[in-house]
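# Examining the three-dimensional arrangement
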Amino acid sequence: MNSSSPKFKQISSQEQLDEAILNHIIVDLLPFSEIEKEGFQELVGGLIGPLVLKSRRSMARLLSKKYELNKQILIAELENVEHVSTTADCWTSHRRSFLGMTAHWHGEGKNSKDIIRRSACLGVRRVYGSHTYDVLARAMADMHAEFKITSKVNCTITDNGSNFLKAFKMFSSKENEGRPPRGSSNVDNEEEVDDYLDDDDEEDDVVYVDIGEILDSHYNEARLSLEIEERNGATEQLPRSEKEGTLNATLNNEDSDSDNDICNIVAHIHLPRHFRCTCHSLNLIATTDVKNIDQRQFNKLKNNLDKKLSAIWNKQSRSSLASDYIKDKLGELFIIHNATRWNSYYNSLCKVNYFQSKKSEEFNAIMDHFKLKKLTVAEQEFLKEFIKIMKPIADALDVFQNEEKMSVGCVLPVLTVLKEKLVIFKDNRSVIHCVPLVNCLLEGVERRFSSLFTDTNMILAAISDPHFKLSWISEGEKSTAIDLLKKEVDRRTSASVDAHESSLDEASLSDGSPTRKRKRNRFLDGLRKKVTTEIGEVDRFFHETVPGSLKDLDRFPTIKQIFLEYNSALPSSAACERLFSTAGLIFVPKRSNLSDSNFDKLVFLKQNGTCFRNWQLCPSKTS
């Protein structure tokens, strides 16, 4: 042990000491007051020798310097990236609201050309007032501009909140106007727009205002000002018609000013394409849609089961004596579900089913001990059927929440497999109590995701991924998908040929000896090269029917470019949920006076971790 090299580097300078203490505060989620505690000062003071412990204010200044340095490193890293996607979500804690955003892109490894998913936290910024669509749009646009990725972000992933949906509808960039957002529904008329915005569950964040009251208040204010002027003699000699004209002109000026303000806001806010979080959409199917099932027997069994299980869950949560008794009898506790965590309700039911099937005597003894009604035979059968049918939904959620190995290209293949599994349940005669549940899930998946299967971007993302290719597409639609990829390869090849020809023309003009023959030969060579690339690369890519890995894309350079562009996005906004988990550990009740700026810096440095030292070795630190 004495001959082995030391694990930790010896601190020999004041800068190293300050960096170590600041890193201790950031990594271990500690407040700045930690360095003023007596025990910490005695421990560190006895080790540092002639070095000096800095005050908490000095550490706060060092935090700002480190934040600015690492922020510039991240900006420099993003400058080398062509395609970036972001996730965004809102979070409220201790009477403060924040907008959190993360960035995601593909890059190559340091010692190889392997495609690696990379992620970074952009920040947790304070949001004042109501979370209306314009406030969120401005905050997201400012975040993109701050990190100089406005022109590189090709997709932003959020949940299904109506405020987010309206923000992207109202402030979509010019290149997206007239086109449906990537991965969203095709909206054809005003009624469908209303349904598109009001379909889901987060309506509380939007503040609705009666426009009639606003107009009436403006009219009354203008008339009151006109009466005051009459009293002062300014308009006393004017006829009544001219007075009314003056009033209308005043109102028109106010309306035009307000319109100009709105136009100015729209002109300065440009958001990329929007993609709804697939995890949140599936969660809405499993909760909201299932809750709206209109079938008496199904609702009766589910409500009775929920009441009995809620009773035992509440006993465990509210009483230490009850939890001790349950732990003693079963050897472990029930899983208590959380409304904000996808899959938690399914996991809690699985635990109950495990106790009911493997430890039925102990489970029934617990119900008797707390004088609760036992599960009937029909309810036990319902529980098993419910878990069996909901398992594909839970498995799909687990796939979509993977951050490092999944891209948006997995959405269509996973949804295809999900629908196939649900159809099998529909034809399964052993399903007795949960037939309405199967129909509800199939209808929900079709209603919320059907538009994705006709979205060109989503199809290209899936078929350009070597893991999937055409394996998820029916035989009748494979030719259409192949033609789609060939057209995309043709478009990119033509663009590269044109760029190559223009560069050669410029070079020949600079030499002063351009010839028409050379131009004609270059044109024909470029056409021949384009056709060869289109046919050869796409056919060779699909000829390998066995699913491959991302390393295989090195042999298909044009398809690799397509993959990197269309698969830069993640299938869900789970990265933001993980970001807020870290934020919750920092912004605890005892630190509620933490300033917004320091809070943002601490979360930024904690989430990105050691990525700033070497992005090649640390591709993702938001998980």
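Residues numbered from 1 in each chain as written. Predicted model: local features only at pLDDT ≥ 70, side-chain atom pairs only at ≥ 80, totals over all residues. Heavy atoms only, no water.

Okay, the environment of I326 next. With respect to the element layout, I326 can be found in helix α11 (residues 320–330). Judged by its relative accessible area of 0%, I326 is buried. Among all residues touching I326, those that are not within four sequence positions of it are I312, Q316, G331, E332, L333, F334, I366 and F370. (Helix = DSSP H or I, 4+ residues; strand = E, 2+ residues; numbered from the N terminus. Buried < 20%, exposed > 50% of the residue type's maximum accessible area, 1.4 Å probe, protein only. Contact = heavy atoms within 4.5 Å.)

Turning our attention to the packing of helix α14 (residues 377–400) against helix α16 (residues 435–449). Packed helices, taken two at a time, are described by their axes: the angle between them and the distance between them. For the pair α14 and α16, interaxial distance at closest approach is 10 Å and the crossing angle is 15°. With respect to α16, the axis of α14 lies roughly parallel. Crossing handedness for the pair α14 and α16: right-handed. Contacts from F386, I389, M390 and I393 in α14 reach L437, V438 and L441 in α16. For the contact of α14 with α16, a count of residues per class yields 7 nonpolar, no polar and no charged. (Axes fitted to C-alpha atoms, helices over the stretch in contact; angles between N-to-C directions. Parallel < 35°, antiparallel > 145°, perpendicular 65-115°, else oblique. Left-handed = near helix turned anticlockwise from the far one by under 90°. Nonpolar A, V, L, I, M, F, W, Y, C, P; charged D, E, K, R; others polar.)

A few words now on unusual backbone geometry. Phi is mostly negative for residues that are not glycine, and the peptide bonds are mostly trans. Positive phi, close to 55°, is recorded for K371, a residue that is not glycine. One can find K371 in the loop between α13 (360–369) and α14.

One pass over the structure, following the stated rule, counts 24 salt bridges. The salt bridge partner of E19 is K66, with a shortest N-O separation of 3.0 Å. Of this pair, E19 sits in helix α1 (residues 14–27) while K66 sits in helix α3 (residues 56–79), and the two are 47 residues apart along the sequence. Since its relative accessible area comes to 40%, E19 is described here as partly exposed. The exposure class assigned to K66 is buried, which follows from its relative accessible area of 18%. We note a salt bridge from D596 to R96, for which the minimum N-O separation is 2.6 Å. Taken together, the positions of D596 in helix α22 (residues 596–608) and R96 in strand β2 (residues 96–108) put the pair 500 residues apart, joining distant regions of the chain. Of the residues examined, D596 reaches a relative accessible area of 22% and is grouped as partly exposed. Salt bridges sharing partners connect three or more residues here, namely K71, R125, E146 and D600. (Salt bridge = Lys/Arg side-chain N within 4 Å of Asp/Glu carboxyl O.)

Using the criterion set out here, one finds 18 aromatic pairs in the structure. With 5.7 Å between their ring centres and 55° between their planes, Y354 and F355 make a pair best called tilted. Of the residues examined, Y354 reaches a relative accessible area of 34% and is grouped as partly exposed. The class for F355 is buried, based on a relative accessible area of 0%. When the centroid spacing of 5.3 Å and the interplanar angle of 80° are considered together, the rings of F541 and F556 count as edge-to-face. Here F541 is found in helix α19 (residues 516–543), whereas its partner F556 is found in the loop between α19 and α20 (557–566), with 15 residues between them in sequence. For the pair F541 and F556, one class covers both residues: buried. Clustering of aromatic rings is evident, with ring pairs tying together W91, F98, F580, F587 and F599. Above the plane of the ring of F453 lies K419, whose end atom (NZ or CZ) is 4.2 Å from the centre. For the cation-ring pair, K469 lies above F541, with the distance from its terminal atom to the ring centre recorded as 4.8 Å. (Phe/Tyr/Trp six-rings, centres within 6.5 Å; stacked < 30°, edge-to-face > 60°. Lys NZ or Arg CZ within 6 Å of the ring centre and 35° of its normal.)

This part covers the environment of I116. For I116, the location among the structural elements is in strand β3 (residues 115–127). In this structure I116 comes out as partly exposed when scored by relative accessible area, which is 23%.

Let's shift gears to the pairing of β3. The side chains of a regular strand alternate, first on one face of the sheet and then on the other. Counting buried positions along β3 yields 10 of 13 residues, so the element is predominantly enclosed. In the sheet, β2 pairs with β3 via 12 bridges, with the strands oriented antiparallel. Within the sheet, the bridge partner assigned to T102 lies in β3 and is C121. (Pairing = 2+ DSSP bridges.)

For the rest of this paragraph, the subject is the packing of helix α4 (residues 133–146) against helix α5 (residues 162–170). Two elements in contact, α4 and α5, have axes whose closest approach is 8 Å; the angle formed by their N-to-C orientations is 65°. On the basis of their axis angle, the class for α4 and α5 is roughly perpendicular. For the crossing formed where α4 meets α5, the hand is right-handed. Across the interface between the two elements, Y133, L136, A137 and M140 from α4 touch N163, F164, K166, A167, F168 and M170 from α5. Tallied by class, the residues present in the contact of α4 with α5 amount to 8 nonpolar, 1 polar and 1 charged.

Per-residue confidence for the protein gives a mean pLDDT of 80, with 74% of residues at or over 70. When mean pLDDT is taken per element in the protein, α16 scores highest with 95 and helix α6 (residues 190–198) scores lowest with 40. Low pLDDT, under 50, characterises residues 177–217; the predicted model gives this stretch 69 contacts beyond four residues in sequence or across chains. (pLDDT = per-residue confidence, 0-100.)

Attention now moves to the side chain of T158. Assignment of secondary structure puts T158 in strand β4 (residues 153–158). Of the residues examined, T158 reaches a relative accessible area of 0% and is grouped as buried.

Read across the sheet, 5 strands follow the order β3-β2-β1-β4-β5 without closing on themselves; strand pairing throughout is mixed. Strand pairing shows two members of the sheet lacking a second neighbour, β3 and β5 (274–276), which therefore form its edges. On average, each strand axis in the sheet is tilted by 25° relative to the strand beside it, whichever way the strands run. The strands touched by helix α21 (residues 574–586) within the sheet are β1 (84–93), β2 and β3, with β1 carrying the most contacts at an inclination of about 40°.

Between its first and last C-alpha, α4 extends 20 Å over 14 residues, near the 20 Å set by a 1.5 Å rise per residue. Taken together, the buried positions of α4 are occupied by L136, A137, M140, A141, M143 and H144. Looking straight down α4, one finds that the buried residues subtend no more than 160° of arc, so they occupy a single side. Residues of α4 that are buried sit in contact with β1, β2, β3, β4 and α5. (Expected span 1.5 Å × (residues − 1). Arc of directions from axis to C-beta.)

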